[in-house]
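The lines below spell out each chain.
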Amino acid sequence: MILSKKLYVLLVVGSLLGCSEKIANDVAPGAPGKPSVWAYSGKTGIGTSYEAYGEQAGKQSKVWFSVAQGILTETMYGLIHEAQIKEMQFLIKGEGFVDTEKDDTITTIDYLFKDAAGRPLSLAYRIINRDKQGKYEIEKHIFTDPDRDVLYMRVTFRALDGEITPYLYLNPHMANTGSGDKAMAGKMGLYAHDGETYLSLKSDSDFIRTSAGFVGTSDGLTDLLDNGQMDWAYASTGKPAGNVALTAELAPIKSGEITYDFTIGFGPSTETSTQAAEASLTAGYVRTLDHYNGRGDYMGWQDYLDGLDALPDMIATTTDGGKLLYTSALVLKAQEDKTYPGALIASLSNPWGETVTAATAATGYKAVWPRDFYQCAMAFLALGDHETPLKAFEYLEQVQVTAKTQGNKGATGWFLQKTHVDGVLEWVGVQLDQTAMPIMLGWKLHQAGILSDEKLIHWYDIMLKPAANFLVSGGEVNLAGNVRMITPPLTQQERWEEQTGYSPSSTAAIIAGLVTAADIAKLAGDAAGAATYLKAADDYNAKIETRMFTTAGIHGDGKYFLRITQNEDPNDDGVVTKNNGRAPMKEQNILDAGFLELVRYGVRPADDAAILASLPELDDQDRDDALRVKYDFTFNGVAGRFPGWRRYGNDGYGEDADDGSNYGKMTPGQRGRVWPFFTGERGHFELALAKDKNGNVTNEKIGNLKNTYVRAMELFANEGMMLSEQVWDGVGVNSPNVYTMGEGTNSATPLAWTHAEYIKLVRSLTDGRVWDHYRVVGDRYTK
């Protein structure tokens, strides 16, 4: 039966009231509630349904979820950045206590569907939360319905020592904000919306009591913490919008266990979201989970893994039996939008989310950066996925600046810094490595036989040639307030999006982009273009050391590559600008590992004198922590020390070392921590350095590299096998979030780039050669 929206609302409210009381008496007070923020960003799991491309595609489910601190956190519906839920947890009342699941339990997480070796075969999770006194346990199974816009959660409550009463507590953040929501509650379900985006939570059992309220003033948690009783039963939050929460009391449990199935449906109306949630309940737990996993005749996650033809041979090059490798494959694929296939985001998280306002819409890291995008596409290729990197490459056309780009009054050909998956502009700085990498990816896809000659020539004409031309000539950029003359290889921003100048890592990508563009131009019959690109690449290459290698540094013997130089003289005491709370500082003080990209892409051999001369300074662990880059880590129960590196000395993108607070205050104490993917980058360099004169690497050396760099990255993964952006390095105040050494911080987890680097490192060691090395570049500059 299809109900009109008005009738449906009346029935929901009426089912709660059960009498002739006026609706106004059941409207929650206290609008708009506490200011809204996002959830903790250190995710231990993410998930979504696998969707095949093309003719294999069936019904789509455009729902993504995340898990942190043992509870459901940001859950997206529609586009991948459009959050609808901040968090959902359970409150437990017992004799003399009211617990919140997030704060008062010890959590463990595992995968529901694994092979005999313990490798995950889908992103369905089993979470078990037990209170610290052993009085109760909550087991949750979380996944999505591949046929519907629905999240499915099976929950089992176990009373281990005395009677308990569970309460479901849901904090929506509809339409990607947390301050404009409205909510209704009834014994048959919980409902919220903002504008034309709706949520319905259904259960396979009626609720005992429900209430809708405003967070911190009239919500169920505030009610319970007051006197241990759920005294309020508000039918709705009424006309005012705000930060709302929905609470449902469940049946008490004297002993033993009770299991519930909950579904959360999303849609453009209450009717559609409710119908979706109810349909998933009707389909049931087993059928929905089997479809999600891809068991039997269903298309699901196992089918995706089965299609990765390189994956089985890579397992032997891991030290955990392939567990993180399989997880990384799933995690990368899950971070692709479904409305815009091929749109790969940086992370399904909002960095330092619990202190970031949700009053206005924001993507966080749920957005497209062509650099992170490239790393992911190359990882898919390394796994033997021939479809996703092609879709990703084709998608890039949407984020290239052309004459048709809205608001563009300047140069064309370059790729946007950061965009929503639908191409909406967010940041518009010019990063020349991000303009080079689409060219490099196109060349790699052609070498792999994924792009035919005809297709590559097509893309050269419409996308890659304009990009290469910009890498040669630059031009005046004039877009969304960014007005600047770009003169390559000087980049407006390097890969850390902070400084202008000559960057070794950016220059490595620019040269590789131009040399591969020349190779493509020859295929396309564009001899003039090929000559132009090679001439520019040769010029940039010839000036690398004179522009970026100091002989008057303050560290070591004074001879090393700098992070970046403001002009063509690396010895002139130039200054990098203030950033992330850190004061301006002389260029010679600051090192990073970006020069190793010169080796990765083939611009310099691994044994190049300037490269080798820079390593002692980069790796010096006796330096003051402010400028120190390398840190070694030990892990309980694991023999040995494992290396990690910060982005650069004086990095301020991280928690405050003075008081432990999250990033964002822009104070001098802010400190960027160790980023695990640098361990992968260093492993790639060490592989290149280990080659003999014939280009071979002994099995013994491969084993040593695996046990150092692959093992380190596996140890950096958290209990859900998620790899973070940053890990704790032991420097400064370690609170309010108390981290162990090497544990992921609250910046962004999982970071797609870190998972991609791990996959590429495993593939490189499996093959005995660097995966994203460019033969045509190496042939030109290192032979």
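Our structure is the block above this text.
Since we're looking at a predicted model, the values are computed, not measured.

**Q** Explain the overall build of the protein chain here, please?
**A** Looking only at helices and strands, the protein chain features 21 helices and 27 strands. Computed over the C-alpha atoms, the radius of gyration of the protein chain is 27 Å, within 12% of the 28 Å expected from 2.2 N^0.38 for a compact globule of 783 residues. Oriented by its inertia axes, the alpha-carbon framework of the protein chain measures out at about 85 × 55 × 50 Å. When the 783 residues of the protein chain are sorted by exposure, 64% land in the buried category.

**Q** Is there a simple way to explain helix α17 (residues 609-619) in this structure?
**A** Given 3.6 residues per turn, any residue in an α-helix points the same way as the ones three and four places further on. Listed in full, the buried residues belonging to α17 are Ala-610, Ile-611, Ser-614, Leu-615, Glu-617, Leu-618 and Asp-619. The backbone nitrogen of Ala-610 lies 3.1 Å from a side-chain oxygen of the residue at the head of α17, namely Asp-608.

**Q** Sorry, what's going on with the pairing of strand β11 (residues 182-186) here?
**A** The side chains of a regular strand alternate, residue by residue, between the two faces of the sheet. Most of β11 sits out of view: four of its five residues are buried. Here five bridges tie β11 to strand β12 (residues 189-194), and the two strands are oriented antiparallel to one another. When the sheet's bridge partners are listed, Ala-183 is paired in β12 with Ala-192. Connecting β11 to the antiparallel partner β12 that follows it, the hairpin turn spans two residues.

**Q** How do you make sense of the side chain of Glu-725 when you look at a structure like this?
**A** Summarising the element assignment, Glu-725 is placed in the loop between α19 (699-716) and α20 (752-767). Despite its burial, Glu-725 pairs with no opposite charge; the closest candidate is Arg-647, at 6.8 Å N-O. Within the local environment of Glu-725, its side chain forms a polar contact with the side chain of Tyr-365, the two groups lying 2.6 Å apart. Here the side chain of Glu-725 touches Ser-747 through a polar contact of 3.2 Å, side chain to side chain. If we ignore the near neighbours within four places in the chain, the residues touching Glu-725 are Trp-352, Tyr-365, Tyr-653, Val-674, Trp-675, Pro-676, Ser-747, Ala-748, Thr-749, Leu-751 and Thr-754.

**Q** Just to check I follow, could you spell out the pattern of salt bridges for this structure?
**A** A pair can form between side chains of opposite charge whenever their charged atoms are brought close. Applying the stated criterion across every chain yields a total of 46 salt bridges. Its salt-bridge partner being Arg-158, residue Glu-139 comes within 2.9 Å of it at the nearest N-O pair. Of this pair, Glu-139 sits in strand β8 (residues 136-144) while Arg-158 sits in strand β9 (residues 150-159), placing them 19 residues apart in sequence. The exposure class of Arg-158 is buried, given its relative accessible area of 18%. One salt bridge in this structure joins Asp-538 and Arg-780, with 2.8 Å as the shortest N-O distance. With Asp-538 in helix α14 (residues 527-542) and Arg-780 in helix α21 (residues 775-781), the pair connects residues that are 242 residues apart, well separated along the chain. Its relative accessible area of 27% is what places Asp-538 among the partly exposed residues. By relative accessible area, which is 39% here, Arg-780 ends up partly exposed.

**Q** Would you take a moment to explain the side chain of Ser-273 for this structure?
**A** On the secondary structure map, Ser-273 appears in helix α4 (residues 270-283). For Ser-273, the side chain forms a polar contact with the side chain of Ser-200, separated by 2.7 Å. Apart from residues no more than four positions distant in its own chain, Ser-273 is found in contact with Tyr-198, Leu-199, Ser-200, Gly-265, Phe-266 and Gly-267.

**Q** How should the sheet that holds β8 be read in this particular structure?
**A** Working definition: the strands of a sheet are paired by backbone hydrogen bonds and lie parallel or antiparallel to each other. Strand order in this open sheet of eight strands is β6-β7-β8-β9-β16-β13-β12-β11, and the pairing throughout is antiparallel. Each edge of the sheet is formed by a strand with only one pairing partner; in this case those strands are β6 (105-111) and β11. For this sheet, the mean angle separating the axes of adjacent strands, direction not counted, is 15°. As paired strands, β9 and strand β16 (residues 256-267) are joined by 10 bridges and run antiparallel to one another. Paired with Val-155 across the bridge in β16 is Tyr-260.

**Q** Explanation requested: the sheet that holds strand β25 (residues 630-635) in the structure shown.
**A** Ordered by their spatial adjacency, three strands build an open sheet running β25-β26-β27, and the pairing between neighbours is antiparallel. A strand with exactly one partner marks an edge of an open sheet, and here the two such strands are β25 and β27 (674-675). The sheet contact formed by β25 and strand β26 (residues 638-646) spans five bridges and is antiparallel. Opposite Asp-632, over in β26, you have Pro-643 as the bridge partner. Here helix α18 (residues 677-689) sits on the sheet in contact with β26 and β27, set at roughly 95° to β26. Sheet strands in contact with α19 are β25 and β26, and its direction is about 80° off that of β26.

**Q** Mind showing me how you'd approach the environment of Asp-607 here?
**A** Relative to the helices and strands, Asp-607 is located in the loop between α16 (597-600) and α17. Residue Asp-607 is classed as exposed on the basis of its relative accessible area, which comes to 54%. Residues Asp-607 and Leu-689 lie 82 residues apart in sequence; the distance between their C-alpha atoms is 6.4 Å. Not counting the four nearest positions on each side in its chain, Asp-607 is found in contact with Leu-612 and Leu-689.

Rules of the game
- Residues numbered from 1 in each chain as written.
- Predicted model: local features only at pLDDT ≥ 70, side-chain atom pairs only at ≥ 80, totals over all residues.
- Heavy atoms only, no water.
- Helix = DSSP H or I, 4+ residues; strand = E, 2+ residues; numbered from the N terminus.
- Rg over C-alpha atoms; globule rule 2.2 N^0.38 Å.
- Buried < 20%, exposed > 50% of the residue type's maximum accessible area, 1.4 Å probe, protein only.
- Polar contact = N/O pair within 3.5 Å; in protein donor to acceptor, adjacent residues only side chain to side chain.
- Pairing = 2+ DSSP bridges.
- Lys, Arg positive; Asp, Glu negative; His and termini not counted.
- Salt bridge = Lys/Arg side-chain N within 4 Å of Asp/Glu carboxyl O.
- Contact = heavy atoms within 4.5 Å.
- Axes fitted to C-alpha atoms, helices over the stretch in contact; angles between N-to-C directions.

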